[in-house]
Structure formats: structure tokens, C-alpha cells
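Residue-level listing of the chains:
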Amino acid sequence: MNNVFGLDIGTRNVVGTVGYQTDDKEFVVTAQYVREHETRAMLDGQIHDIGRVAKTIKEVKDELEKQTGQPLEEVCIAAAGRVLKTVTTHVEYEYAQESVVTGGDVHTLNLLGIEKAQEALKEVNDTSYKFYCVGYSTVKFFLNDEVFISLEGHKANKIGEDIIVTFLPEDVVDGLYAAVGQAGLSVANMTLEPIAAINVAIPENYRMLNIALVDVGAGTSDISITRDGSIIAYGMIPHAGDEMTEVIVQHFLVDFNMAESIKLQSTTSDTVTYKDIMSIEHTIPAQDVWDVAAPVVDNIAQEVSAKIRELNGDKTVSACFVVGGGGKIHGFTEKLAEDLDLPEERVALRGEEVLGDVTFEQEDITKDPLLVTPIGICLNYYDQRNNFIMVRFNGERIKLYDNNRLTIVDAALQAGFPNDELFPKRGTPINFTVNGVARLVRGEAGEGAVVTMNGKPASINTPLEPNSEIVIEPSTAGEAAEYKISQLDEYNHSVITFIINGRKVSCPRFVQVNGRLEPEDYSIRENDVIETRNYYTVRQIAQFMNLVIDTDQMIFVNNEEADLDTLVYENFSVEWKTDEYGVARIDNNNYNDTQESDSDDASVLAERDANSTESDNTVTRTSEQMMNQVLDELHDEFAKEAEASAVPENELPKNDIQEEDSSKNTVTVIVNGEPVELSGKDTYIFVDIFTHISFDLQAGKGRAIATVINGRDAQFSEELHEGDKIELYWKEN
């Protein structure tokens, strides 16, 4: 059988018990050992000298290992302390469909209740203490809103429970874990001392009665109340056996250990023998000790009875059981009965009679109240595995309540690690509007937190391992958002069409930011108001087409006389005469001499493409991608030819008609599988293809054009050579 090792780390003694539970619920104790603290290393149930307590625990452990012949590595413990908090709460769990309740479901329900109680305690905690759960008890179970004794095995749509959860300050829990750790043990389970005691002292068939259990130890008196089949309350008071011992020290002039011996003798013998600090031996009647301790016994009994009434709704109980070594002092049960307004027979020590289901393999062990809590600690292991996980997080030792689903993120939250440093942070976004519609461009994503556990890469969702070393390097923020006008769909895929000298010309819409025209490389800023213009001026159309208008001739817009600053809207017609062809240089025309807003226009137009092509009597301007690449790379000769190809021959002056020079170089390339002969120039660049093939640049409908040469992406200004294989097509979105 797998043995369970339980330790009752009391203020005066450390009681170690090793045993196992049989299939019929009998608990067999295979080894037990009691060791007193050499000094007062604990006060009121709390460890003050961790090293000395650890030494005593180690001695008990070593002795039990000798008795059992096997190593002991894990231990069950119970906590006590003067600052005990209890929270009673109700929790429910609803199934997606009717299901059979399993033991795992009940365990999950308990954990939900514990978590809810923890949250409730945080809201009302008005002390400087940080509390940890050390135990819980179910008050009532509910099956489909009906009260049930047990849930497991029933079919249910919904289960619930009233649960009472107990908490102690972290320093109490930390001290216990540290002492156990220094003794070479790890905690397998932790509970509260009154929970451990009541599981042995008051069987479930007694809990229909309103009964109090008082465990009088050395430093604290622990109290539990039952009613209607459940444990309804827990409490502690910092008054117990040590106060009796201290008054004996003062009266009989002895050290603390000798006073403990006097107190113990007075409970088992009619006379007491002791030596005082002068080494003088005395033998006195036990009655003398009782008389000395009586005032303290009366005070403790009054404190206990007051706490019982408080926990029980300001009324007395039907009966009271007393366990623990401190409760054996003469007169305590009688005084407690008096203060509770109960007959003396209804307040009694519990010992041998409650250990009926416990078998001791050691023949020399006497069943008495001192053994109730140690046995209860072992038995609690089978009922509640509510232990803590200790880890080191970024160099800090922290403790988490083990709900069987802890991950590294739980440790991070427990340690107060900021949430925003766990996950990648985006750079600063940009909020702006385009034609009245809100837009948001997010910043770049940063790097996530770098997580390691025990030196190995992990994630925030990696399950926690006890005593692991966790290191988290905070996440980083990405680059701030950056977005240019040239990236707007409205700029790339929205065009405005005019009728110029009988031919359609499609131009990208101008973009206005906060009332000012901005170039395509303008970086959009927070709260910018962006609008696409629905008009051009005559001057802007000419600049876009790289034409120099003959201003001595009449200009007509929709058949009405106009000038260079006349506004031209969608599908308006414009008629003019040009006196020069080629790229219009900004420094060679009077465009810069206009008002400030026109100067902004010029900065935009200076970056526009000079390319145009003739197809079905339509002059078409390409998207921003073509315009930007072509303008800086095309030479004047190509620009002249491209423009000339868009103007009917009969509208050109005779001296402007140029014949093809046969002496120029001829190059044949393969375009989309068909040979195309390029002639009339010394050299050719990729964009020359468009003047020799039929390719409708208006057919994009928001798609980008793919340009491939010899299997790789081509640049518009790239020089062409004999036999180059070229592909042109629209990319699908």
C-alpha cells in the first residue's frame, strides 16, 4: 500500500504519522513519532524560528524512516494561526446537456468555489495581509437546484454547492513550507487544523446535530461547527495550553519544559514531582497545579464559548467535543459546559472512541485526543488535494494555489507581471478619414515575451511544474504605423476621366489632406482628414499629360471659353492647342508663379508619369505604380513618342511628323508568347513594349499589373535585348 505521511506541526510538539487507508475506509497507522521543540520556536501556531522547527521535523522524519524502512519525500501538513478568514459562497456549474456527474466534476466545482471565495476575500480584505486558501468544506450540494448529500453518479443539467473556504496569511503558509523544505520534504497536501480534526472527531452521521469541536493545542484553539449534515463554520482563537504553562512557570519557578511536564503530570496523576531552577526537587498534589491554572482555564473557556456562539449565530450548540492536548487540563470541559449553558455530560474529551476506524500497528500507542488531528491530516489527503505550487518567478519566490490547471501565465499574474508585457504590443496606430469614412492603420506587431522554464524555452500556456525557475523577458512594441497617400486604394484605383480634344484621358484623383494638396509620398498623420478631389484645373490636366498649351489660342471647357485655372469635372470636355510636346519641366513654365495652392499642385504633378498609349481613340493613364517608376527613368525622346502616339496625325503640324529612321536598331522580343519587333530607336526599355502591343491599361479594375522578363520581375526602365521573353498580365486580388 502507498503510505501517507502526515505532520501535525504544533506549537509544542511535532507529531508524525505514516499510514494508509484500506478499501473499507479503515486507516492503518504503520508508524508514529512525537518530538517536542527544544525551544519555543513556534508561538500561537505560527513558526517564528524556521531553522529550529525544520530541525525538529527532520528528526521526526528520520525516525519514521527508520520505523517504516522507506524514504519519506512528501508530507501532508495542517496550518493554524490567529488571523483566520473564512468565506462562505455558492457556486454552480451548468452542463451543455444532461450528463452523469463524475468525481472530476465535483472536484472542478470545488475549485470554482475556492476561486470565487478568493475573489470575494480580495474585495473585503481590509488588512495588510495577503491571504492563501488552506482548506475548504462543502456545506450543501445542489442537483438541479435541489439539495443533495452527494452528487457523484447522478444525472444532472446543473450542479452547485455552498462551500466554506478558509484562508490564512501568507507568512503562516510560507513559514510552514520553508520549514518542511529545509527538512528535505515537499508538501503533498495542506489543510486547516480544525478541518483535519473534525473529519475524525465528528463522523458524518453526527453532523445533522448542531455540534462544536474544539481542538485545544498549545498556541491556538481551533473551532468547527456542524449543523444539518454539514460543517457550517470554522474559527480560531490565540488562547490555548501555553498560557496555562506560562502561569505554572511563574508560580513554581521552573523553566518552560519543566512547566509542561508539571501540566502533563497533573492530568494523569494525583501528585506532581518537579525541580525548580535552583535544582530543588518538589513533590506536590495535582490539586495545587489545578488551582494555579484555574484562572487561565476559566479565561480560555470563556473565549472559546464566546467564539462558538459567534460562529453559531449568537447561540449555544447542542453539544461540544474537545480534542488536543490542551483540552486535557483539569476543569476545562466543566468550565466550558458552564459557559455554553450545557450539561457537563454534553461537553467531553474525544479520543479513543473516535479512533475506532484507526488501527495502530505499534502496540505501545495509546489512543487519546492528542492523536486526532495528526490522523485527520493523513485522512484529509484522500479527500482534498488542495496544495500549493511553489515556483521562482524572475528571481522572486511565489506560491500559487494548485487548481490542477496552472500555467506560466498564472504565475506571471500572481507575481504582478504586467499583462501588456506578456503579449506583443503593436506600434502607435494612425486614425484618419478618407472622404468622411474613418480609417485605422495599425502599427507593426512587436515581439512576444520570451519565456523560459528551468532554462528551456516555454510559452505562457506551458503547465507549471513545482519548484520550477521561470524567467519572462517583457514583450516589445512594434514600429509605429506608417502609411502614405500612394498606398490608399482611392489614390491607386480611383480615376477621373476627361474628354481632351475628343479623346478620353483618365487621371488619378488628386488627394487633399486637411485642405491642402499633398504628394503621393506624404506620410499620413493622426487625425488627418483626407479627401479625393473630383476635379482638375486645365493647367493640371496639361501638366499631367506633359503638354505645353499654346496660351495664345482659345481654350474651351464644355464648349465655353476657359483659362488655365478653370475647373474641369468628371466627363467634361476640353479643347486646346499645344505648341510643344515633351516633358514639361516645372522650372520652365509659369505653373510655379500661381497662388500657393497651385504651387502645391505643381509638387504633385512633378512626380506624375509621362506615359500614355493610344487604344480605341482613348488616352489612358496607368496607376501610381507605373507613373512613379516611369517619370524618373524615361528619357525625353520616349516621352515625345508616347505623347505623339496619342495625337492624330492630321492634327499635328507637318514639320512635326517624323518618319521612322531605318538606321535605328531593331530588336525582337517575345511578349506573352508572341514575337514583337521594336524599331525606330537605338535602345529600348521595358515600357516601350506598350507602344508596340495592344494592352488595355484601363482593364485593371483595381488589380496590379504583373511585369515579368525572363522569369523575374521587371523594372519599367529596364533595357530590352534581342530574344527577351516578356509576360504582361493583370494580377488577381
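For the structure, check the block above.
Residues numbered from 1 in each chain as written. Predicted model: local features only at pLDDT ≥ 70, side-chain atom pairs only at ≥ 80, totals over all residues. Heavy atoms only, no water.

**So, the overall build of the protein**
Right, on to step 1. Assigned secondary structure in the protein consists of 15 helices and 45 strands.
Right, on to step 2. Sequence-distant contacts in the protein: of pairs separated by 6 or more residues, those separated by 24 or more amount to 64%.
Right, on to step 3. Carbon and sulfur atoms form 44% of the exposed surface of the protein, whose accessible area is close to 34,800 Å². (Helix = DSSP H or I, 4+ residues; strand = E, 2+ residues; numbered from the N terminus. Contact = heavy atoms within 4.5 Å. Areas by Shrake-Rupley, 256 points an atom, 1.4 Å probe, with all protein chains shown as cover.)

**Let's talk about the sheet that holds strand 23 (residues 437–441)**
Right, on to step 1. Reading across from one edge, 23-22-31-29-30 is the order of the five strands in this open sheet, with mixed pairing throughout. Across the chains shown, the open sheet's two edge strands, defined by having one partner strand only, are strand 23 and strand 30 (516–517).
Right, on to step 2. With three bridges joining them, strand 29 (residues 511–513) and strand 31 (residues 529–532) adopt antiparallel strand pairing. Looking across to strand 31, one finds that Gln512 is bridged to Glu531. (Pairing = 2+ DSSP bridges.)

**Here we look at the pairing of strand 14 (residues 230–237)**
In regular strands, side chains alternate between the two faces of the sheet.
Right, on to step 1. By the criterion of burial, strand 14 is predominantly enclosed, with eight of the eight residues buried.
Right, on to step 2. Relative to strand 14, strand 13 (residues 221–227) is paired through seven bridges, and the arrangement is antiparallel. Bridging from a neighbouring strand, Ser221 pairs with Ile237 of strand 14.
Right, on to step 3. Linking strand 13 back to strand 14 in an antiparallel pair, the connection comprises two residues, with Asp228 at a positive phi of about 55°. (Buried < 20%, exposed > 50% of the residue type's maximum accessible area, 1.4 Å probe, protein only.)

**Describing helix 1 (residues 50–68)**
Right, on to step 1. Here helix 1 contains 19 residues, and its C-alpha end-to-end distance of 26 Å stays within 8% of the 27 Å for a straight helix at 1.5 Å per residue.
Right, on to step 2. By the burial criterion, the buried members of helix 1 are Val53, Ala54, Thr56, Ile57, Val60, Lys61, Leu64 and Glu65.
Right, on to step 3. Considering only its buried residues, helix 1 is in contact with strand 1 (4–9), strand 2 (13–21), strand 3 (27–36), strand 4 (42–43), strand 5 (46–47) and helix 3 (170–182).
Right, on to step 4. Between a side-chain oxygen at the N-terminus of helix 1 and the backbone nitrogen of Gly51 the separation is 3.3 Å; the capping residue is Asp49.
Right, on to step 5. Among the residues trailing helix 1, Gly69 stands out with phi positive, at a value near 70°. (Expected span 1.5 Å × (residues − 1). Polar contact = N/O pair within 3.5 Å; in protein donor to acceptor, adjacent residues only side chain to side chain.)

**Notes on the layout of surface pockets**
Right, on to step 1. Here the largest pocket defines a volume of roughly 1,600 Å³.
Right, on to step 2. Lining the largest pocket we find 43 residues, and of these Phe141, Asn199, Glu204, Arg207 and Asp383 sit closest to its centre.
Right, on to step 3. Secondary structure elements with two or more residues in the lining of the largest pocket: helix 2 (103–124), strand 8 (131–143), strand 9 (146–148), helix 4 (193–201), strand 14 and helix 9 (372–383).
Right, on to step 4. Considered class by class, the residues forming the lining of the largest pocket number 19 nonpolar, 13 polar and 11 charged. (1 Å grid on protein atoms, 1.4 Å probe; cavity = no way out; pocket = protein on both sides within 12 Å on 5 of 7 lines; lining within 4 Å. Points joined across faces, edges and corners; volume = space filled by probe spheres on them. Nonpolar A, V, L, I, M, F, W, Y, C, P; charged D, E, K, R; others polar.)

**Concerning the pairing of strand 12 (residues 211–216)**
Right, on to step 1. Counting buried positions along strand 12 gives six out of six residues, so the element sits mostly inside the fold.
Right, on to step 2. Of the two faces of strand 12, both are covered, the one formed by Ile211, Leu213 and Asp215 as well as the one formed by Ala212, Val214 and Val216.
Right, on to step 3. Two elements, strand 12 and strand 13, share six bridges in a ladder whose sense is antiparallel. The residue of strand 13 that forms the bridge with Ala212 is Ile225.
Right, on to step 4. Pairing of strand 12 with strand 17 (residues 319–323) involves five bridges; the strand directions are parallel. In the sheet register, Val214 faces strand 17, and the bridge partner there is Val322.

**Thoughts on the pattern of salt bridges**
Right, on to step 1. This model, assessed by the stated rule, comprises 18 salt bridges.
Right, on to step 2. Between Lys158 and Asp145 there is a salt bridge, and its shortest N-O distance comes to 3.0 Å. On the criterion of sequence distance, the pair formed by Lys158 in strand 10 (residues 155–169) and Asp145 in the loop between strand 8 and strand 9 is long-range, its members being 13 residues apart.
Right, on to step 3. On the basis of relative accessibility, which here comes to 48%, the residue Asp145 falls in the partly exposed class.
Right, on to step 4. For Arg227, the salt bridge identified is with Asp228, shortest N-O distance 3.9 Å.
Right, on to step 5. Judged by its relative accessible area of 28%, Arg227 is partly exposed.
Right, on to step 6. Each member of the salt-bridge network shares a partner with another, and the members are Arg35, Lys55 and Glu59. (Salt bridge = Lys/Arg side-chain N within 4 Å of Asp/Glu carboxyl O.)

**Side note on the side chain of Arg533**
Right, on to step 1. Mapped onto the elements of the fold, Arg533 is located in the loop between strand 31 and strand 32 (535–537).
Right, on to step 2. The class of Arg533 is buried, set by a relative accessible area of 14%.
Right, on to step 3. At 3.1 Å, the side chain of Arg533 and the side chain of Gln512 are in polar contact.

**What to know about the sheet that holds strand 13**
Right, on to step 1. As summarised here, the arrangement of the five strands in space is 14-13-12-17-18, forming an open sheet in which the pairing is mixed. The sheet terminates laterally at strand 14 and strand 18 (347–349), the two strands that pair on one side only. Across the sheet, the axes of successive neighbouring strands diverge by a mean angle of 20°, strand direction being ignored. (Axes fitted to C-alpha atoms, helices over the stretch in contact; angles between N-to-C directions.)

**Quick look at the environment of Thr166**
Right, on to step 1. Here Thr166 lies in strand 10.
Right, on to step 2. Put simply, Thr166 and Thr86 are 80 residues apart on the chain and 4.4 Å apart in space, counted from C-alpha to C-alpha.
Right, on to step 3. In this view, Thr166 contacts Leu84, Lys85, Thr86, Tyr132, Cys133, Val134, Gly135, Tyr136, Leu192, Ile195 and Tyr234; residues no more than four positions away in its chain are not counted.

**A few points about a nonpolar patch on the surface**
Right, on to step 1. Together, Leu253, Ile277, Met278 and Ile280 make up a nonpolar patch on the protein surface, roughly 410 Å² of accessible area in all.
Right, on to step 2. Positionally, Ile280 belongs in the loop between strand 15 (271–275) and strand 16 (281–285). (Patch = residues over 30% accessible without salt bridge, like charges linked within 9 Å, V, L, I, M, F, W, Y side chains within 5 Å.)

**Considering the environment of Gly10**
Right, on to step 1. With respect to the helices and strands, Gly10 occurs in the loop between strand 1 and strand 2.
Right, on to step 2. Exposure remark for Gly10: the relative accessible area of 16% places this residue in the buried category.
Right, on to step 3. Note: C-alpha distance between Gly10 and Ala79 (69 residues apart in sequence) is 9.0 Å.
Right, on to step 4. Gly10 has contacts with His37 and Met42, leaving out every residue within four places of it along the chain.

**Considerations on unusual backbone geometry**
Right, on to step 1. With a phi close to 50°, Asn672 is a non-glycine residue in the positive phi region.
Right, on to step 2. Along the polypeptide, Asn672 turns up in the loop between strand 41 (665–671) and strand 42 (674–681).
Right, on to step 3. For Asn710, which is not glycine, the phi dihedral falls at a positive 55°.
Right, on to step 4. Mapping Asn710 onto the fold places it in the loop between strand 43 (705–709) and strand 44 (712–713).

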